[in-house]
Amino acid sequence: MQYYHVEQGFLLDGLHQIPDDAIPLTDAEYAYLHAAQASMIIQVGSDGRPVAVAPERALEEVATAKAREIRAGYDTALAGVLAGAEATATGVAVGSALMAVTDPQGLEYLVDMLTARRVELEQALLAAQADADPVAAVLAIVVSYPT
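Residues numbered from 1 in each chain as written. Predicted model: local features only at pLDDT ≥ 70, side-chain atom pairs only at ≥ 80, totals over all residues. Heavy atoms only, no water.

## Quick notes on the pattern of salt bridges
Side-chain pairs of opposite charge can arise whenever the charged atoms involved come near each other.
Here comes step 1: The final tally for this structure, using the stated rule, is six salt bridges.
Here comes step 2: A salt bridge links Arg57 to Glu61; the nearest nitrogen and oxygen atoms lie 3.5 Å apart.
Here comes step 3: Residue classification places Arg57 among the partly exposed positions, given a relative accessible area of 38%.
Here comes step 4: Two residues, Asp75 and Arg71, come together in a salt bridge whose shortest N-O distance is 3.5 Å. One end of the pair, Asp75, and the other, Arg71, are both in helix H2 (residues 59–83), four residues apart, so they sit about a helical turn from each other. (Salt bridge = Lys/Arg side-chain N within 4 Å of Asp/Glu carboxyl O. Buried < 20%, exposed > 50% of the residue type's maximum accessible area, 1.4 Å probe, protein only. Helix = DSSP H or I, 4+ residues; strand = E, 2+ residues; numbered from the N terminus.)

## Re the environment of Ala140
Here comes step 1: By secondary structure assignment, the location of Ala140 is in the segment after helix H5 (134–139).
Here comes step 2: Once the C-alpha coordinates of Ala140 and Ala128 are considered, the two residues, 12 residues apart in sequence, prove to be 8.9 Å apart.

## Points about the nonpolar core
Across soluble globular proteins, you tend to see nonpolar side chains buried next to one another.
Here comes step 1: Residues Ile70, Leu114, Leu121, Leu125 and Tyr145 are the most contacted members of the largest nonpolar core, which totals 16 residues.
Here comes step 2: Where this core is concerned, the elements lending two or more residues are H2, helix H4 (104–128) and H5.
Here comes step 3: Filtering out sequence-adjacent residues up to four positions away, Ile70 remains in contact with Arg118, Leu121, Glu122, Leu125, Val143 and Tyr145.
Here comes step 4: Residues Phe10, Leu25, Ala36 and Ala52 belong to the second largest nonpolar core, which totals six residues. (Core = buried A, V, L, I, M, F, W, Y, C linked by side-chain atoms within 4.5 Å. Contact = heavy atoms within 4.5 Å.)

Structural data, given as structure tokens:
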């Protein structure tokens, strides 16, 4: 098996016309690269050999996904606090109504605590986007809420 960088593909001896500058591959290299190309990009590395690399992700895509993760984490934490095991829309409504009646200060405290954490994460997301390597900085944000 050969790898030809101009066509960015694999060429089989006896089936394809193999150019002189095609790179010979071992069976193990071919198997790895062939499997890796499903989610990665094959390119020629600094040593002239083909390597599989992760595709670059756009900052907007990564930031949007992280913002969704922050919001979903908030919603899940709030639902868990209010409804426990009954974290359905009805369970949350009943749990929040009961807590508002039985412990209105506790409900306010919990909502304020979770909201403060969400705001902290959103601010971290904004700051990460101004980092020297913003994609890595955004991906490094760990979304967690106190329970």
